[in-house]
Amino acid sequence: MRNYDLEFLKHFSMVIGFLMLVTVGLIVGATIIHHQLPPEIDPAVAQRTERRIAPVGAVYAGSTGAAAQAAASAAAAAAAASQVAYGGTLDGAVIYNNLCTGCHTSGAGGAPTLDHSHWDARLAKGTDTLHKHAIEGFTGEAGLMPAKGGNPALTDEQVVAAVDWMLDNLK
C-alpha cells in the first residue's frame, strides 16, 4: 500500500470515530433530557383518581348550608332531567312527531298506521297491554315494536303519553 492510502485510512478512521462519539453523546443527552420532563398523565386516569379521593359527603350547617344543599339538589335534578328524552315532556304529540312517526306513518316493519283498521284488534287487548308492549317491546305476526320505540332515554310515562296520544288521534 502506498503512503497516501494509509494517510487516508487513518483520517477516515478518525472521522468515523469522531462521528460515533457525537452520536453516542446525542443519545446520552436526549436520554437525560427525556427523563427530566414530567410524564404525561392520561386524563382518564386523572379523572378516576379524582373520583376515588373525592369526599363522600359534606356537612351543611346554618343558612349557608341550606343554600348549598338546595343548590346541590337543583343541580342533581337538572342533571337527571338532561338524561331524559325530549326534555322530559309528557306531550304525546311531541314524542310521536320526533320518534314514532317514522314507522307509524309509513307502516314500516309492520307498524300500525293511525287508522282504526290497524288498531281495533290491538285495542281489544286493552290499553294496559298496549302500554306494556310499547314500553317492553313486542314481536308479533305483523312485525316488531322495539322497547320504548328504540329510544331507551324515554321514561315509561313518556311512552304511555305517546301511546295515549296515538289512540286519541286514530282516524
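Preceding block: the structure.
Residues numbered from 1 in each chain as written. Predicted model: local features only at pLDDT ≥ 70, side-chain atom pairs only at ≥ 80, totals over all residues. Heavy atoms only, no water.

Visitor: Can you break down the overall build of the protein residue by residue, with the values?
Guide: From N to C terminus, the protein includes seven helices and two strands. Relative to the compact-globule value of 16 Å for 171 residues, the protein shows a C-alpha radius of gyration of 36 Å, a clear excess of over 25%. Along the first, second and third principal axes, the C-alpha atoms of the protein reach 115 × 60 × 20 Å. The proportion of buried residues among the 171 residues of the protein is 16%. Carbon and sulfur atoms make up 64% of the accessible area of the protein, which totals about 12,400 Å². Across the protein, the 10 positively charged side chains and the 15 negatively charged ones have centroids separated by 11 Å. (Helix = DSSP H or I, 4+ residues; strand = E, 2+ residues; numbered from the N terminus. Rg over C-alpha atoms; globule rule 2.2 N^0.38 Å. Buried < 20%, exposed > 50% of the residue type's maximum accessible area, 1.4 Å probe, protein only. Areas by Shrake-Rupley, 256 points an atom, 1.4 Å probe, with all protein chains shown as cover. Lys, Arg positive; Asp, Glu negative; His and termini not counted. Charge placed at Lys NZ, Arg CZ, Asp CG, Glu CD.)

Visitor: Please set out the pattern of salt bridges residue by residue, giving values where relevant.
Guide: For the coordinates displayed, the defined rule picks out one salt bridge. A salt bridge links Lys 148 to Asp 156, with the nearest nitrogen and oxygen atoms 3.3 Å apart. (Salt bridge = Lys/Arg side-chain N within 4 Å of Asp/Glu carboxyl O.)

Visitor: Account for a nonpolar patch on the surface, naming residues and giving values.
Guide: Taken together, the side chains of Leu 6, Phe 8, Leu 9, Phe 12, Val 15, Ile 16, Phe 18, Leu 19, Met 20, Val 22 and Leu 26 make up a nonpolar region of the molecular surface, amounting to roughly 1,100 Å² of accessible area. The exposure class of Leu 19 is partly exposed, given its relative accessible area of 46%. (Patch = residues over 30% accessible without salt bridge, like charges linked within 9 Å, V, L, I, M, F, W, Y side chains within 5 Å.)

Visitor: How would you summarise the environment of Gly 88 if you had to cite specific residues and measurements?
Guide: Assignment of secondary structure puts Gly 88 in the loop between helix H3 (62–82) and helix H4 (92–104). You can call Gly 88 partly exposed: its relative accessible area is 33%. As a C-alpha pair, Gly 88 and Thr 155 span 67 residues in sequence and 7.8 Å in three-dimensional space.

Visitor: I'd like a rundown of H4, residues and numbers included.
Guide: Across its 13 residues, H4 extends only 14 Å between first and last C-alpha, which sits more than 12% below the 18 Å expected from 1.5 Å per residue. The principal kink in H4, of about 50 degrees, is found at Asn 98. Every buried residue of H4 is accounted for by Gly 92, Ala 93, Ile 95, Tyr 96, Cys 100 and His 104. Contacts made by the buried residues of H4 are with helix H5 (116–123), strand E2 (144–145) and helix H7 (156–168). (Expected span 1.5 Å × (residues − 1). Bend = angle between axes of the 7 residues up to and from the residue. Contact = heavy atoms within 4.5 Å.)

Visitor: Help me get a handle on the side chain of Gln 158, residues and values and all.
Guide: Along the chain, the position of Gln 158 falls in helix H7. Take Gln 158: its relative accessible area is 0%, and that puts it in the buried class. Apart from the residues lying within four places of it in its own chain, the contact partners of Gln 158 are Val 84, Ala 85, Gly 88, Thr 89, Leu 90, Ile 95 and Ala 153.

Visitor: Just give me the short version of the nonpolar core, but keep the residues and values in it.
Guide: In terms of nonpolar packing, the biggest core is built from 16 residues, with Leu 114, Trp 119, Val 159, Val 163 and Leu 167 touching the most fellow members. Residue assignment for this core shows that the elements contributing at least two residues are H4, helix H6 (127–136) and H7. By residue number, the principal contributor to this core is H7, which donates five residues. Not counting residues within four places of it along the chain, the set of residues in contact with Leu 167 comprises Trp 119, Leu 123, Thr 127 and Leu 130. (Core = buried A, V, L, I, M, F, W, Y, C linked by side-chain atoms within 4.5 Å.)

Visitor: Give me the packing of H4 against H7: which residues, what numbers.
Guide: Relative orientation of the contacting elements H4 and H7 amounts to 75 degrees, with a least axis distance of 9 Å. Between H4 and H7, the angle is such that the two are roughly perpendicular. Counted together, Gly 92, Ala 93, Ile 95, Tyr 96, Cys 100 and His 104 of H4 and Gln 158, Ala 161, Ala 162, Trp 165 and Met 166 of H7 form the full contact between these two elements. Among the residues making up the contact of H4 with H7, the classes are represented as eight nonpolar, three polar and no charged. (Axes fitted to C-alpha atoms, helices over the stretch in contact; angles between N-to-C directions. Parallel < 35°, antiparallel > 145°, perpendicular 65-115°, else oblique. Nonpolar A, V, L, I, M, F, W, Y, C, P; charged D, E, K, R; others polar.)

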